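A closer look at the structure
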Amino acid sequence: MPRNTLARIHPAALRHNLARVRALAPGCKVMAVVKADAYGHRLDLCLPSLKDSDLLAVATLEEARAIRRLGSELPVMLLEGVIHSADLAVAADLRLELTLHHPSQVDALLRFGRSPTPRLWLKVESGMHRLGLPPETLPELHQRLEALPGVEQINLVSHFARADENNPEPTQRQIERFRHYVKGLSGELCLANSAAILGHPDSHADWVRAGIMLYGISPIAGKTGADLGLAPAMTLSTELISVKDVPAGEAIGYGGRFVAEAPMRLGVAAIGYGDGYPRSMADGAPVLVNGKVCALAGRVSMDMITIDLAACPEAAIGDPVVLWGEGLPIEHLALAADTIPYELVCRVTRRVRYRAG
């Protein structure tokens, strides 16, 4: 039998979360972000549940090609546009909507002589200082692109740097700058990412761009997905492969980081950093064994973790272990690993078996 380490992807949760986006932003079109293999949830398992979105957004040509291979006819947008001008023909073949964030991309598209799709997206620098066109160039570039064969609509988009924070002022400044910069330009507007969908309704405009929240994960510090009415789309699980008694004073695992203060029952579960469960996870991180909250005890190995079974002393070999997902918010695990939930789901490796259900 194969190793019983699973990432179960929940279609009903994805549908619920998409409906939650629409409820929070009524009247807005929804861009579903499925880059990085649907945030580590696997594109092929997620697309059927996201078919009611208005557009899919990815970061790379390879991701866009994967969507087309899976048979989706939804509009697909390249969030970073085409990096190499030679790829414009590929974008046209795949019917991809381009984001243009640098004047050189506009020049390359004009030399190409036509737009891959009737709709283009101009990305505006509004305060994040990562990707975005200088605001003073917008009127000229917009006008030049309007004359390009195949162009019917030019939308305007920007990205928030701090929408996930409790302080609303930086995001409000970006909203005000964006609206000032695009005033008088035709096209629909897109500003709100997941955090802004949840916390800044004045940013919703014509489109909203839902990423991490589609997968049931909170983009806001101190909140879980459940706090925000979301359902986890991934449950990462495994099973116990050993149960043993450890005497007081004995050190457990590599480096002897955890020392038993008293005689303890210890479980070993078949998952480790080779599966994407991070080595940085701290002792005491929550782990569900038979639905009961137990605690990580010792450094994460490549293939295994060790668990203090004080809360579940009756546990036996083969019993289920949940690392995050249903019953155990991933946001709590991210805190214990000193990272963000985005990274946890994106780093699950292909050694883990994926299954819809």
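This next bit is on the layout of surface pockets. Using a probe with the size of a water molecule, rolled over the atoms, empty space left in the structure can be pinpointed. Looking at the largest pocket, its volume works out to about 970 Å³. Lining the largest pocket are 43 residues, with His159, Asn193, Ile212, Pro219 and Tyr342 sitting closest to its centre. Elements that contribute at least two residues to the lining of the largest pocket include exactly helix H2 (35-39), helix H9 (194-199), helix H10 (330-336) and helix H11 (341-346). Residue composition of the lining of the largest pocket, by class: 23 nonpolar, 11 polar and nine charged. Taken together, 19 residues line the second largest pocket, and the ones lying closest to its centre are Gly216, Pro232, Gly325, Pro329 and Ile330. Of the residues that constitute the lining of the second largest pocket, the class distribution is 12 nonpolar, six polar and one charged.

Residues Tyr215, Tyr277, Val289, Ile307 and Trp324 are the most contacted members of the largest nonpolar core, which totals 116 residues. Residues within four places of Tyr215 in sequence aside, it is in contact with Leu14, Asn17, Val33, Val34, Ala38, Tyr39, His41, Cys46, Leu50, Ala231, Pro232 and Ala233.

Before going further, it helps to examine the pairing of strand S17 (residues 320-324). Along S17, four of the five residues are buried, which leaves the element largely enclosed by surrounding structure. In this sheet, S17 lies alongside strand S10 (residues 234-246) in antiparallel orientation, the contact comprising four bridges. Counted as the bridge partner of Thr238 is Val321 from S17. As paired elements, strand S14 (residues 286-289) and S17 share two bridges and run antiparallel to each other. Looking across to S17, one finds that Val289 is bridged to Val321.

Rules used throughout
- Residues numbered from 1 in each chain as written.
- Predicted model: local features only at pLDDT ≥ 70, side-chain atom pairs only at ≥ 80, totals over all residues.
- Heavy atoms only, no water.
- 1 Å grid on protein atoms, 1.4 Å probe; cavity = no way out; pocket = protein on both sides within 12 Å on 5 of 7 lines; lining within 4 Å.
- Points joined across faces, edges and corners; volume = space filled by probe spheres on them.
- Helix = DSSP H or I, 4+ residues; strand = E, 2+ residues; numbered from the N terminus.
- Nonpolar A, V, L, I, M, F, W, Y, C, P; charged D, E, K, R; others polar.
- Core = buried A, V, L, I, M, F, W, Y, C linked by side-chain atoms within 4.5 Å.
- Buried < 20%, exposed > 50% of the residue type's maximum accessible area, 1.4 Å probe, protein only.
- Contact = heavy atoms within 4.5 Å.
- Pairing = 2+ DSSP bridges.

Note that all results are geometric; they support no functional claim without further evidence.
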